[in-house]
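Coordinate analysis (summary)
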Amino acid sequence: MDANNTFDSDLIHAIFKHIWARRFRERERSDAIDATEAEIALGTTKKNRLASANANALKLSCELLKSFVSEAVQRAAIIAEAEGMDKIEATHLERILPQLLLDF
């Protein structure tokens, strides 16, 4: 695959880190009530560490997103063409989304 036709791995990594950090903060808030003295004494637990991704996982994630978006556009274009339209609209994407999610 051509590297120019895929998502930027730095962008995908930044998105992943943002989601992981948000989930970490949510988990901290919900676990603050349940925290025991033993966990606090141990420092960071596996549950509290931020996740990370290696380069191969990011590359694979970029390819998967590329395939997903490409398939979504193709399916929405078929629906738009069947309706006699030249442009894909949000309603076309809404119509193909349930089956697309099941297929992936």
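Not measured: the values here are computed from a predicted model.

Once that is clear, we can look at the overall build of the chain. Within the chain, the regular secondary structure consists of four helices and zero strands. In sequence order, the secondary structure elements of the chain are arranged as α-α-α-α. In the chain, buried positions account for 12% of the 104 residues. Of all intrachain contacts in the chain linking residues separated by at least 6 positions in sequence, the fraction that spans at least 24 positions is 67%. In the form shown here, the chain has an accessible surface area of approximately 8300 Å², with 57% of it arising from carbon and sulfur atoms.

Attention now goes to a nonpolar patch on the surface. A contiguous nonpolar surface patch, about 430 Å² in accessible area, is contributed by F7, L65, V69, V73, I88 and L93. Ranked by residues supplied to the nonpolar patch, first place goes to helix α3 (residues 55-82) with three residues. Residue position: V69 is located in helix α3.

All chains considered together, the criterion is met by two aromatic pairs. Where F16 meets W20, the ring centres are 5.7 Å apart and the plane angle is 40°; that geometry is what we call tilted. You can see F16 and its partner W20 sitting in helix α1 (residues 9-32), four residues apart, about one turn around the helix. Taken together, a centroid distance of 5.1 Å and an interplanar angle of 80° make the contact between F68 and F104 edge-to-face. Taken together, the residues F68 in helix α3 and F104 in the segment after α4 (90-103) connect sequence positions 36 residues apart. By relative accessible area, F68 is classed as partly exposed at 22%.

With that settled, the discussion passes to the pattern of salt bridges. What the rule picks out here adds up to three salt bridges. Its salt-bridge partner being R75, residue D103 comes within 2.7 Å of it at the nearest N-O pair. With D103 in helix α4 and R75 in helix α3, the pair connects residues that are 28 residues apart, well separated along the chain. Where R95 meets E83, a salt bridge forms, and the shortest distance between an N and an O atom there is 2.2 Å.

Calculation rules
- Residues numbered from 1 in each chain as written.
- Predicted model: local features only at pLDDT ≥ 70, side-chain atom pairs only at ≥ 80, totals over all residues.
- Heavy atoms only, no water.
- Helix = DSSP H or I, 4+ residues; strand = E, 2+ residues; numbered from the N terminus.
- Buried < 20%, exposed > 50% of the residue type's maximum accessible area, 1.4 Å probe, protein only.
- Contact = heavy atoms within 4.5 Å.
- Areas by Shrake-Rupley, 256 points an atom, 1.4 Å probe, with all protein chains shown as cover.
- Patch = residues over 30% accessible without salt bridge, like charges linked within 9 Å, V, L, I, M, F, W, Y side chains within 5 Å.
- Salt bridge = Lys/Arg side-chain N within 4 Å of Asp/Glu carboxyl O.
- Phe/Tyr/Trp six-rings, centres within 6.5 Å; stacked < 30°, edge-to-face > 60°.

None of the figures reported here should be taken as evidence of function without further support.
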